[in-house]
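Descriptive analysis of the structure
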Amino acid sequence: MSEQLFAERMKRVQDAIALKEPDRVPFVPTTGNLVALEYGVSIKEGMLDQRNLIPALDRMLEDMKPDYFYMPDFFPKKGMDILQPININYPGKTAEFGDNFTYQVVDHEFMGDDEYEEFLKDPSAYLLHRVLAEKFQALGGLKILNPYSLCGSTVMGFSALAAPPLQQALQAMLDAGKEISEFIQTGVDATMHLIQKGFPVWGNAVASHPFDDFADNIRGLINTVMDMKTDPELLAEAVDRYTDVSIESAIGLCKMSHSDNLFIPLHAGVDEFMSPDDYVEYYWPPLKKMINAVVGAGITPFVFCEGNYFTRLDVIKDVPKGKVVYLFEKQDMAKAKKVLGDVACVAGNFDTNLLMYGTPEEVTEETKRLLDICAPGGGYMMSNAISLDNAKKENLAAWYEAVEKYGKY
């Protein structure tokens, strides 16, 4: 029975991606800390071992039965405790953060205004000596590691590895690698539990837009957005170099995790941060390159357009037909379906606040409204605006039941 349900759900999703009309609109909710905050497991427990989530996942799936289940992200606490990131807050990092503290990534500058030339001269060395050594307190010793001396005509350069700060950094990397690898395996176990129950899973392969990756992890988001005006050529070159590496890494991640999809959340491309002209010049080219490469590798990109995306539709429609899913946070879904409907599958935009604070009747009515707009002709999946951390259980049940009842073709 589970194998049959798995096949039915998977076909439903694949038909929607291919712009066909399946037997019913696929139900694809995206959840974050919901499983912990609403179903009796702490976020900290999930960060220690993802198998701790299994009983809570089972209870959650009694309220709603997704056709494609987004496996929520839980950071590996033990690995993070070893590395000591300065820009990430999470449960247990300090005494003030409780077991259900929602982790936060704080915008931070790891590359100064006048350091573009240094980065472009040797990006790998810069990442090693500056970004890794400054982002993680345990890795400060990497500043004295000189890869060029290791590649000399003799082995004398390896003497630097005897320096205690460098040994401590290398040992921290090894220890963190072991812990994180074991944590990933707990996620595989939790995922296999869901698959055996008949639920296809997505979201286990994630890649950032190269612009976002550079902004979030090197230059700082606010600085990067300002650089579009103050140092546009240097920024463009830096992001272009980052793009090829990011694409190779993303495809490799999908192959390693045996994933046929790649989740690409978009941060900086929102209407609030970029003008339409800047989006076309700086943001869309690397994203288009990534989408085309991923599709060419036989992988379906699930592109999450965070924030307002009202001015981008005519731009992002330039993708391979029937191979891409766009999920929206804030969008005119009637216009999205009209502009993108013959090219890409659309999803998202169901008001998460309604699931948190509304009534089951309001949830049902909103579900019917979105189905009336987006379902005709196929190429649509029901999903929420942003990842769910909190929601009323009766609203989750009402949402699923409304899709089941009114989403049939």
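Data block above holds the structure.
In this report, the structure presented in the accompanying data block is examined. (Residues numbered from 1 in each chain as written. Predicted model: local features only at pLDDT ≥ 70, side-chain atom pairs only at ≥ 80, totals over all residues. Heavy atoms only, no water.)

Let's shift gears to the overall build of the protein chain. On a plain count of helices and strands, the protein chain comes out with 18 helices and nine strands. The C-alpha radius of gyration of the protein chain comes to 22 Å, within 12% of the 22 Å expected for a compact globule of 409 residues. In terms of principal-axis extent, the alpha carbons of the protein chain reach across some 70 × 45 × 35 Å. For the protein chain, with 409 residues in total, the buried portion stands at 52%. Here the protein chain displays about 18000 Å² of accessible surface, and carbon together with sulfur accounts for 54% of that area. (Helix = DSSP H or I, 4+ residues; strand = E, 2+ residues; numbered from the N terminus. Rg over C-alpha atoms; globule rule 2.2 N^0.38 Å. Buried < 20%, exposed > 50% of the residue type's maximum accessible area, 1.4 Å probe, protein only. Areas by Shrake-Rupley, 256 points an atom, 1.4 Å probe, with all protein chains shown as cover.)

Turning next to the nonpolar core. Counting residues in hydrophobic clusters, the biggest one holds 100 residues, and the most contacted among them are Ile316, Tyr326, Phe328, Tyr380 and Met382. In terms of residue count, the dominant contributor to this core is helix H13 (residues 276-296) (nine residues). Each residue touching Tyr326, except ones within four places of it in the same chain, is listed here: Trp284, Ile291, Val303, Cys305, Ile316, Val319, Leu340, Ala344, Cys345, Val346 and Ala347. Membership of the second largest hydrophobic core comes to 16 residues, among which are Val13, Ile17, Val325 and Leu327. (Core = buried A, V, L, I, M, F, W, Y, C linked by side-chain atoms within 4.5 Å. Contact = heavy atoms within 4.5 Å.)

All right, on to helix H4 (residues 54-63) then. What sets the pattern is the α-helix's 3.6 residues per turn: residues three or four places apart point alike. Buried residues of H4: Ile54, Ala56, Leu57, Met60 and Leu61, and no others. Down the axis of H4, the buried side of the element spans an arc of 155°, and every buried residue falls inside it. Buried positions along H4 lie against helix H2 (34-37), strand S1 (69-70) and helix H9 (164-196). (Arc of directions from axis to C-beta.)

Considering all chains together, one arrives at 20 aromatic pairs under this definition. Note on Phe75 and Tyr103: the rings are 4.3 Å apart at their centroids and 10° apart in plane angle, and the pair reads as stacked. Highlighted residues: Phe75 in the loop between S1 and helix H5 (77-83) and Tyr103 in the loop between strand S2 (88-89) and strand S3 (104-105), separated in sequence by 28 residues. For the pair Trp202 and Phe263, a centre-to-centre distance of 5.4 Å together with 90° between the ring planes defines the contact as edge-to-face. Of this pair, Trp202 sits in strand S4 (residues 201-202) while Phe263 sits in strand S5 (residues 261-266), and the two are 61 residues apart along the sequence. Both residues of the pair, Trp202 and Phe263, belong to the buried class. Aromatic rings pair up to connect Tyr68, Tyr70, Trp202, Phe263, Phe302 and Phe304 into one cluster. Above the face of the Tyr309 ring, Arg312 is positioned so that its terminal group lies 6.0 Å from the ring centre. Over the aromatic face of Tyr406 sits the side chain of Lys368, whose NZ or CZ is 4.9 Å from the ring centroid. (Phe/Tyr/Trp six-rings, centres within 6.5 Å; stacked < 30°, edge-to-face > 60°. Lys NZ or Arg CZ within 6 Å of the ring centre and 35° of its normal.)

What follows concerns the environment of Ala176. Inspection of the secondary structure puts Ala176 in helix H9. Classification of Ala176 as buried rests on a relative accessible area of 3%. For the pair formed by Ala176 and Lys330, sequence separation is 154 residues and the distance between their alpha carbons is 38 Å. Not counting residues up to four positions away in its chain, the partners in contact with Ala176 are Gly79, Ile82 and Leu83.

Okay, the side chain of Arg9 next. By secondary structure assignment, the location of Arg9 is in helix H1 (residues 2-17). It turns out Arg9 is buried and unbridged, and the closest side chain with the opposite charge, Asp67, is 4.3 Å from it. Setting aside residues no more than four positions away along its own chain, Arg9 makes contact with Lys65, Pro66, Asp67, Lys197, Gly198, Phe199 and Pro200. (Lys, Arg positive; Asp, Glu negative; His and termini not counted. Salt bridge = Lys/Arg side-chain N within 4 Å of Asp/Glu carboxyl O.)

Our focus in this paragraph is the sheet that holds strand S8 (residues 345-348). Pairing is parallel across the open sheet formed by five strands, whose spatial order is S5-S6-S7-S8-S9. The open sheet terminates on both sides in strands that have one partner only, identified here as S5 and strand S9 (380-381). Here five bridges tie strand S6 (residues 300-308) to strand S7 (residues 325-330), and the two strands are oriented parallel to one another. Following the sheet pairing, Cys305 is matched in S7 by Phe328. The strands touched by helix H15 (residues 333-340) within the sheet are S7, S8 and S9, with S8 carrying the most contacts at an inclination of about 160°. (Pairing = 2+ DSSP bridges. Axes fitted to C-alpha atoms, helices over the stretch in contact; angles between N-to-C directions.)

We now examine the pairing of S7. The buried fraction of S7 amounts to five of the six residues, a majority that puts the element mostly inside the structure. Pairing geometry for S7 and S8, over four bridges, is parallel. Counted as the bridge partner of Tyr326 is Val346 from S8.

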